[in-house]
Amino acid sequence: MPEQSHIYRFLRMLFKAAQLTAECAIVTLIYLERLLKYAEVDLCPANWKRILLASIMLASKVWDDQAVWNVDYCQILRDLTVDDMNSLERDFLAHLDFNINVPSSVYAKYYFDLRLLAEQSGIALSTEPLTKDKAAKLEAFSSICAAKAKESYAAPAQPRRAASLETLHANNRRSIAILS
């Protein structure tokens, strides 16, 4: 795996270029942990950027009112095509069994766990706790997104268990911007 600083630079570049919120980062973490835990996917040097990108892409669509769409990520990561992004999104959703619903209790758990971790590390967080209105919006919209994704992308083939997502490279082409 790459060094922590390398992962941080990649995440920072995406969040800054796409103008994503701290709340989107929390939803990203939820999706990432779901994938690693339930789909039994392993992060490796060949897939970590694609997995993070897919998590961020979905989180932005579920959380942000002005979501960053697949074509926008192609502007940020110029070696990717819209077809690459669509395929990545489909495969990621399939590995999550289309479970992109985020109950407010799950969000709150991650928020407070991250807040504690930040405090222990001497890092100040600028995010506020989830309000009732935002919690209701998150739950409702993530449920709607999950249903739409399942309807749009559901395929008869089931993803391989214990996969590493290395096969998510479009046309088995390794993109320097994503895989190095």
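As a further point, take the overall build of the protein. Secondary structure summary: the protein contains eight helices and zero strands in total. The linear arrangement of helices and strands in the protein, starting from the amino end, is α-α-α-α-α-α-α-α. Counting the 180 residues in the protein, one finds 43% classified as buried. Of the roughly 10,100 Å² of accessible surface on the protein, 54% is carried by carbon and sulfur atoms.

Scanning the entire structure with this criterion turns up three salt bridges. Its salt-bridge partner being glutamate 119, residue arginine 115 comes within 3.7 Å of it at the nearest N-O pair. Placement of both arginine 115 and glutamate 119 in helix α6 (residues 104–121) is noted, with a separation of four residues, approximately one turn of the helix. Residue classification places arginine 115 among the partly exposed positions, given a relative accessible area of 28%. On the accessibility criterion, glutamate 119 (52% relative accessible area) is exposed.

The contact between helix α2 (residues 22–38) and helix α3 (residues 48–63) brings their axes to 8 Å, and the two run at 130°. Here α2 is positioned oblique relative to α3, judged by the angle of their axes. Where α2 crosses over α3, the two elements pack in a sense that is right-handed. Between α2 and α3, the residues in contact are Glu23, Cys24, Val27, Thr28, Tyr31, Leu32 and Leu35 and Ile51, Leu52, Ser55, Ile56, Leu58, Ala59, Ser60, Val62 and Trp63, respectively. Taken together, the residues that form the contact of α2 with α3 break down as 12 nonpolar, three polar and one charged.

This part takes up α3. For an α-helix the count is 3.6 residues per turn, leaving residues at separations of three or four pointing the same way. Given a rise of 1.5 Å per residue, 16 residues ought to cover 22 Å, and the 22 Å separating the end C-alpha atoms of α3 matches this to within 8%. The buried count for α3 comes to 16 of 16 residues, which makes it a mostly enclosed element.

For the protein, mean pLDDT is 81; residues scoring 70 or higher make up 82% of the total. The secondary-structure element of the protein with the lowest mean pLDDT is helix α8 (residues 176–179), recorded at 34, while helix α5 (residues 82–95) shows the highest, at 94. Note on residues 159–164: pLDDT is under 50 here. Beyond four places in sequence and across chains, it has 17 contacts. Contacts from residues 166–180, a stretch scored under 50 in pLDDT, to residues over four places away or in other chains number 35 contacts.

Note on soluble globular proteins: their nonpolar side chains tend to be buried together. Among the nonpolar cores identified, the biggest contains 45 residues, and Leu20, Val27, Tyr31, Leu53, Tyr73, Phe92 and Ile100 are the most heavily contacted of them. Of all the secondary structure elements, the ones that give two or more residues to this core are α1 (4–18), α2, α3, α4 (70–76), α5, α6 and α7 (132–153). Per-element tally for this core: the top contributor is α3, with 11 residues. With near-sequence residues (within four places) excluded, leucine 20 lies in contact with Leu14, Phe15, Ile56, Ser60, Asp64, Val68 and Tyr73.

Attention now goes to the packing of aromatic side chains. Applying the stated criterion across every chain, the model contains three aromatic pairs. Between tryptophan 63 and tyrosine 107, the ring centres sit 5.7 Å apart and the planes meet at 5°, which makes this aromatic pair stacked. Of the two residues, tryptophan 63 sits in helix α3 while tyrosine 107 sits in helix α6, which places them 44 residues apart along the sequence. We note that tryptophan 63, like tyrosine 107, is buried. Each ring, one from tyrosine 111 and one from phenylalanine 112, has its centre 4.9 Å from the other, and the planes form 80°; the classification is edge-to-face. With a relative accessible area of 47%, phenylalanine 112 lands in the partly exposed category. Across from the ring centre of tyrosine 110, 5.6 Å away, lies the NZ or CZ of lysine 109, which sits over that ring.

Rules and cut-offs
Residues numbered from 1 in each chain as written. Predicted model: local features only at pLDDT ≥ 70, side-chain atom pairs only at ≥ 80, totals over all residues. Heavy atoms only, no water. Helix = DSSP H or I, 4+ residues; strand = E, 2+ residues; numbered from the N terminus. Buried < 20%, exposed > 50% of the residue type's maximum accessible area, 1.4 Å probe, protein only. Areas by Shrake-Rupley, 256 points an atom, 1.4 Å probe, with all protein chains shown as cover. Salt bridge = Lys/Arg side-chain N within 4 Å of Asp/Glu carboxyl O. Axes fitted to C-alpha atoms, helices over the stretch in contact; angles between N-to-C directions. Parallel < 35°, antiparallel > 145°, perpendicular 65-115°, else oblique. Left-handed = near helix turned anticlockwise from the far one by under 90°. Contact = heavy atoms within 4.5 Å. Nonpolar A, V, L, I, M, F, W, Y, C, P; charged D, E, K, R; others polar. Expected span 1.5 Å × (residues − 1). pLDDT = per-residue confidence, 0-100. Core = buried A, V, L, I, M, F, W, Y, C linked by side-chain atoms within 4.5 Å. Phe/Tyr/Trp six-rings, centres within 6.5 Å; stacked < 30°, edge-to-face > 60°. Lys NZ or Arg CZ within 6 Å of the ring centre and 35° of its normal.

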